[in-house]
Amino acid sequence: QVQLVESGGGLVQTGGSLRLSCVASGRTLSSYDMGWFRQAPGKEREFVGISWSGRTTYYADSVKGRFTNSRDNAKNTVYLQMNSLKPEDTAVYYCAAHRGGNYYNDRSYGYWGQGTQVTVPS
C-alpha cells in the first residue's frame, strides 16, 4: 500500500512557475514509475508526464519543454517543476504510481494522491 500526498499548487500568473511535490509513505518510491495527471473542470483526466524508476522521463506534448519531472528517492518524493505556465494549465494535478500497462492511461495507475489545484488566470 502506498499513500501519496501532493502539495505546491496555487495561483500563479501566466508565464510563472510552480513546483509540485508528491510525498509517498508506506512503500519506497524508487520501486515505482511515477506519473502526473491533471483534470480541468468539465474535462477528462489527462496524462502530463511520467518518471520511470530508472529516472528517464516522458511528457505530454502540451507540456514538453515547460514541465520537468524529478525525484528524490532519499526523501521518497517526486516533483513536477512547471514553468511558463498558461491558463490552459489550470487543473487539479495528481501524482500516481504506475502498476503496468499504457503509461498515458490513468487506469494503469494503482495509487493516487488527493490532488493539488493549479490556477493560471487568463
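Preceding block: the structure.
Residues numbered from 1 in each chain as written. Predicted model: local features only at pLDDT ≥ 70, side-chain atom pairs only at ≥ 80, totals over all residues. Heavy atoms only, no water.

Helix and strand counts for the protein stand at zero helices and 11 strands. In terms of overall size, the protein behaves like a compact globule, its C-alpha atoms giving a radius of gyration of 13 Å where 122 residues would be expected to give roughly 14 Å. Counting only residues that meet the buried cut, the protein has 43% of its 122 residues in that class. Put simply, 56% of the contacts in the protein that link residues at least 6 apart link residues at least 24 apart. Surface summary for the protein: the accessible area is close to 6,100 Å², and the carbon and sulfur share equals 47%. Positive and negative charge centroids in the protein, built from 13 and 9 side chains respectively, lie 4 Å apart. (Helix = DSSP H or I, 4+ residues; strand = E, 2+ residues; numbered from the N terminus. Rg over C-alpha atoms; globule rule 2.2 N^0.38 Å. Buried < 20%, exposed > 50% of the residue type's maximum accessible area, 1.4 Å probe, protein only. Contact = heavy atoms within 4.5 Å. Areas by Shrake-Rupley, 256 points an atom, 1.4 Å probe, with all protein chains shown as cover. Lys, Arg positive; Asp, Glu negative; His and termini not counted. Charge placed at Lys NZ, Arg CZ, Asp CG, Glu CD.)

Looking now at the side chain of Asp33. By secondary structure assignment, the location of Asp33 is in the loop between strand S3 (18–25) and strand S4 (34–39). The buried charged residue Asp33 lacks any salt bridge, with Arg71 as its nearest oppositely charged partner at 5.3 Å. Look past the residues within four positions of Asp33 in its chain and what remains in contact with it is Ile50, Ser51, Trp52, Ser53, Arg71, Ala96, Ala97 and His98. (Salt bridge = Lys/Arg side-chain N within 4 Å of Asp/Glu carboxyl O.)

Another aspect to go through is the side chain of Asn76. Here Asn76 lies in the loop between strand S7 (67–72) and strand S8 (77–82). Judged by its relative accessible area of 15%, Asn76 is buried. Ignoring any residue separated from it by four or fewer positions in sequence, one finds Asn76 in contact with Cys22, Val23, Ala24, Ser25, Arg27, Thr28 and Leu29.

On to the state of the cysteines, then. Using the criterion set out here, one finds one disulfide in the structure. One disulfide in the model links Cys22 with Cys95; its S-S distance is 2.0 Å. Measuring the twist about the S-S bond at about 65°, one finds the Cys22-Cys95 disulfide to be right-handed. Pair noted here: Cys22 is in strand S3 and Cys95 is in strand S9 (residues 91–98), with a separation of 73 residues, a long-range link. (Disulfide = S-S within 2.5 Å.)

Take the environment of Tyr103 next. Topologically, Tyr103 is positioned in the loop between S9 and strand S10 (109–112). In the structure, Tyr103 is positioned 76 residues away from Arg27 in sequence and 20 Å away in space, judged by C-alpha atoms. The residues contacting Tyr103, other than those within four sequence positions of it, are Phe37, Phe47, Ile50, Trp52, Tyr58, His98 and Tyr109.

This part is about the environment of Gly101. Mapped onto the elements of the fold, Gly101 is located in the loop between S9 and S10. Assessed through its relative accessible area of 55%, Gly101 is described here as exposed. Considered as a pair, Gly101 and Gly42 are 59 residues apart in the sequence and their alpha carbons are 26 Å apart.

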